[in-house]
Amino acid sequence: MKSGSSTSRGGSSLSLLVSSAVGIATVLVAARYGYVYYHQNSKKKSCNKKSEEDDQASSCSVEDVEIVDTDANGASTDIMPAKSSSDSAAAEERISTNQNDDNDVQQQQEHMQQKRKENGAFPRDWLRQLLLSHAHNHPNLPQSLQDKALVVAPMVDASDLPYRLLARRYNTNLCFTPMIHARMFIEKEGYRRKFWRDHGMPKEDRPLIAQFCGYDKEVLYQAMKSVQDHVDGVDINCGCPQNIAKKGQYGAFLMEKEGGDRIVDIVKYLAPRLKVPVSVKLRILPSTAEGGPPRFEDTMVLYRRLVDAGASMLTIHGRTREQRQRKTGAADWAFTKRVVDEFSNRIPILCNGSISNMDDVVRCLEETGAAGVMSSEAILEYPPLFMQTNVESTNYIRTGPGRLQMAEDYLQLCKEYPPDDGGQGSGMKCIRAHIHRFLHADLQTHTKVRDAVVRSFSMEAADNAVKMVREIHEEIDHDVSKEQLSWYLRHRIDWEEGFVNKNPEPCPKKVFEEEKKVTEEEESPCDPFGAVCGYDGGDY
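On a predicted model such as this, the values are computed, not experimentally measured, just so you know. (Residues numbered from 1 in each chain as written. Predicted model: local features only at pLDDT ≥ 70, side-chain atom pairs only at ≥ 80, totals over all residues. Heavy atoms only, no water.)

> Help me get a handle on the overall build of the chain, residues and values and all.
The helix and strand tally for the chain stands at 21 helices and nine strands. Taken across its 540 residues, the chain has 54% of its residues classed as buried. Within the chain, counting contacts between residues at least 6 apart in sequence, those at least 24 apart form 72% of the total. A total of about 24,100 Å² of accessible surface is found on the chain, and carbon and sulfur atoms cover 50% of it. (Helix = DSSP H or I, 4+ residues; strand = E, 2+ residues; numbered from the N terminus. Buried < 20%, exposed > 50% of the residue type's maximum accessible area, 1.4 Å probe, protein only. Contact = heavy atoms within 4.5 Å. Areas by Shrake-Rupley, 256 points an atom, 1.4 Å probe, with all protein chains shown as cover.)

> How would you sum up the pattern of salt bridges? Please name residues and give values.
In this structure the tally under the stated criterion is 27 salt bridges. The salt bridge involving aspartate 261 is made with arginine 305; its shortest N-O contact spans 2.7 Å. Taken as a pair, aspartate 261 in helix H9 (residues 261-270) and arginine 305 in helix H10 (residues 296-309) lie far apart in primary sequence, 44 residues in all. Look at aspartate 261 and you get partly exposed, because its relative accessible area is 40%. The network of salt bridges with shared partners includes Arg398, Arg403, Asp442 and Glu483. (Salt bridge = Lys/Arg side-chain N within 4 Å of Asp/Glu carboxyl O.)

> Any details on the nonpolar core? Residues and values, ideally.
In summary, soluble globular proteins display a tendency toward joint burial of nonpolar side chains. Counting 124 residues, the largest nonpolar core has Leu127, Phe212, Ile236, Ile263, Leu270, Tyr303 and Leu314 as its most contacted members. In terms of residue count, the dominant contributor to this core is helix H14 (residues 403-416) (seven residues). Setting aside residues up to four positions removed in sequence, phenylalanine 212 forms contacts with Ile180, Ala182, Phe185, Leu220, Ala223, Met224, Val227, Asp235, Ile236 and Asn237. In this structure, Val156, Cys240, Ala245 and Phe253 belong to the second largest nonpolar core, which totals seven residues. (Core = buried A, V, L, I, M, F, W, Y, C linked by side-chain atoms within 4.5 Å.)

> Which residues make up the state of the cysteines, and what values do they have?
Covalently bonding the sulfur atom of one cysteine to the sulfur atom of another cysteine gives a disulfide. All told, the structure shown has zero disulfides when counted by the stated rule. No disulfide involves cysteine 364; its sulfur sits 3.4 Å from the nearest other cysteine sulfur, which is in cysteine 351. For cysteine 364, a relative accessible area of 0% translates into the label buried. Cysteine 414 takes part in no disulfide bond, and the closest cysteine sulfur to it belongs to cysteine 430, at a distance of 6.9 Å. By relative accessible area, which is 3% here, cysteine 414 ends up buried. (Disulfide = S-S within 2.5 Å.)

> So what about the packing of aromatic side chains? Which residues, and what values?
Across all of its chains, the model carries six aromatic pairs by this definition. One aromatic cluster is present, formed by Phe296, Tyr303 and Phe335 through successive ring pairs. Across the ring face of tyrosine 215, the terminal group of lysine 257 is positioned such that the distance to the ring centre comes to 5.8 Å. Positioned above the aromatic ring of tyrosine 269, the side-chain terminus of arginine 273 is 3.9 Å from the ring centre. (Phe/Tyr/Trp six-rings, centres within 6.5 Å; stacked < 30°, edge-to-face > 60°. Lys NZ or Arg CZ within 6 Å of the ring centre and 35° of its normal.)

> Account for H14, naming residues and giving values.
Taking 1.5 Å of rise per residue, 14 residues should cover 20 Å, and H14 covers 20 Å from first to last C-alpha, within 8% of that figure. Close packing links the buried residues of H14 with helix H4 (161-168), helix H15 (428-438), helix H16 (440-445) and helix H18 (459-475). (Expected span 1.5 Å × (residues − 1).)

> Quick one: what's the story with the confidence of the model for the chain, residue by residue and with numbers?
Averaged over the chain, the pLDDT score is 77; the fraction of residues at 70 or greater is 68%. In the model, residues 1-88 has pLDDT below 50 throughout and makes 76 contacts with residues more than four positions away in sequence or in other chains. Confidence drops under a pLDDT of 50 for residues 503-540, and excluding neighbours within four residues, the segment shows 126 contacts in the predicted structure. (pLDDT = per-residue confidence, 0-100.)

> Provide a residue-level description of the packing of H14 against H18, including the pertinent values.
Packing of H14 against H18 leaves a shortest axis separation of 10 Å and a crossing angle of 160°. When the axis of H14 is compared with that of H18, the two are roughly antiparallel. Crossing angle aside, the handedness with which H14 passes H18 is left-handed. Facing H14, whose interface residues are Arg403, Leu404, Ala407, Glu408, Leu411, Cys414 and Lys415, H18 presents Met459, Ala462, Asp463, Val466, Val469, Arg470 and His473. Among the residues forming the contact of H14 with H18, the class breakdown is eight nonpolar, one polar and five charged. (Axes fitted to C-alpha atoms, helices over the stretch in contact; angles between N-to-C directions. Parallel < 35°, antiparallel > 145°, perpendicular 65-115°, else oblique. Left-handed = near helix turned anticlockwise from the far one by under 90°. Nonpolar A, V, L, I, M, F, W, Y, C, P; charged D, E, K, R; others polar.)

> Which residues make up unusual backbone geometry, and what are the values?
For residues besides glycine, phi is generally negative; the peptide bonds are generally trans as well. A cis amide bond links arginine 206 to the next residue, proline 207, at an omega of -5°. Residue asparagine 171 is not a glycine yet carries a positive backbone phi of 80°. Looking at the secondary structure, you find asparagine 171 in the loop between H4 and strand E2 (174-176). Look at asparagine 171 and you get buried, because its relative accessible area is 7%.

> Talk me through H18; I want residue IDs and the actual numbers.
Over its 17 residues, H18 runs 24 Å from end to end, which matches the ideal 24 Å to within 8%, given 1.5 Å per residue. Of the positions making up H18, those classed as buried are Ala462, Asp463, Ala465, Val466, Val469, Ile472 and His473. As for H18, its buried residues are in contact with H14, H15, H16 and helix H17 (447-454). Count one or two residues on from H18 and you reach aspartate 477, which has phi positive near 55°.

> Any details on the environment of aspartate 229? Residues and values, ideally.
By secondary structure assignment, the location of aspartate 229 is in the loop between helix H7 (217-227) and strand E5 (233-238). A residue is classified by how much of its surface remains accessible, and aspartate 229, at 25% relative accessible area, is partly exposed. Separated by 29 residues in the primary sequence, aspartate 229 and glycine 200 place their C-alpha atoms 8.3 Å from one another.

> Can you lay out the pairing of strand E8 (residues 349-352) for me, pointing to particular residues and giving the numbers?
Burial along E8 is two-sided: Ile349 and Cys351 and Leu350 and Asn352, pointing in opposite directions, are all buried. Across four bridges, the pairing between strand E7 (residues 313-317) and E8 is parallel. Residue pairing for E8: isoleucine 316 is matched across the bridge by cysteine 351. (Pairing = 2+ DSSP bridges.)

> If you had to explain the environment of glutamate 366 to someone new, which residues and values would you point to?
Structurally, the position occupied by glutamate 366 is in helix H12 (residues 358-368). Residue classification places glutamate 366 among the exposed positions, given a relative accessible area of 65%. Along the sequence, glutamate 366 and lysine 337 sit 29 residues apart, while their C-alpha atoms lie 9.7 Å from each other.

> So, the environment of glutamine 249: which residues are in play, and what are the values?
Along the chain, glutamine 249 falls in the loop between helix H8 (243-248) and H9. The spacing of glutamine 249 and aspartate 216 is 33 residues in sequence and 9.6 Å in space, taken between C-alpha atoms. Here the side chain of glutamine 249 touches lysine 257 through a polar contact of 2.4 Å, side chain to side chain. (Polar contact = N/O pair within 3.5 Å; in protein donor to acceptor, adjacent residues only side chain to side chain.)

This is the structure in structure tokens:
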């Protein structure tokens, strides 16, 4: 009997052990792939009714639901292709490095967590402390600017990972991701993979703020929560002025939804629930009457409500959503100063707009008192914008690297970090757009190169187009010191009275005459270069 009992108990123990092992394996598999089930079910639920927000996506159908198949061992067969041992080793090294960086960030976040206010807002100096902790990455940045944010704006098809890494070489100390559609991010695996990497961005891409658009607070929360351990903050887009934002009820139109109640409620919901600071990028409310003045007072009321709701930072684009392209006009720094004067004792305020070189940066900081400046269009054309080049002290001569080097260096980074592999969802379209902006001045007089850029549907083709410019520059003995901004100026001459190009490089009249043609291409659905949707219509 004893022997039998012992055998029985041994059998039970073995069964328990096997069950436990199976249970642990199930948990591990669920931890790794469980989110797929969530996204599939989310997709099924969202298919029951048409999403007002997801105007970019095709209508839902049964075929849209991704089925995860498994092999005999229970391993997924279509989550991602098998990797070689060298790929796996490199991936493990990147994961280990990123996890170490994430641990440092998490420790910093935990320290800040202890100082958070009841509404979830972070302490006033969170941004300054973040910048100083990374100041060693920018040894050429003047001491007086090391605690000031020099920011690359959130731009669809533009602030991709390779571009951000390029800009960071030249004193950019804070970057935003492209605007990410929150609902698509949590429901569509393919979309998410194109905009995000499983283990976050590389350590060189910090500090980083992820920007999302949307009008549903729970959807925004799920999207932001999924990346919060890999970023230094999350941002809500209330700046995009384009029609697609109006249809999707996000961007600048979210500021006006329900009299501002919707965006205030979103911030109030997100701020205490997320580990990282929640910020908002905003414009000035437009007049309710056509041609009337902006609603400054109503805008201040809305900003006040957002700060009270728990926003840890505001980025002020000193224009209304109606100020776009030829109607852009100068950004209203005086209004930004008013915002800084009222709220800077509570949260940092960034100023966006009218930043073309370091002279503008210094003047903006002096005139507004902002905690930093954000650039989009000017820095898109010339990433070393935050260096002492093309400024009064250099007699407006370009002392930094030339535009051709920008194109070549960017392409090299694209080979290391493909834009369609967790850095930007548009792949070659994104690359073509960057080359077009970098080399805009060359493309105006060398149409063969322009045609080559338009037809760059592969990295090899893009390389060849840039090599054509290299050959032209060598043939004409091109002088980098005489280079000036070109693409950035295509609208500016229309609104800045008395505007004079101070750079010594001769600028063909054609550069300005073709502005309408370029604009039509950028607004076209079949745009060969890619519309910069989400960058708020220009940062002049």
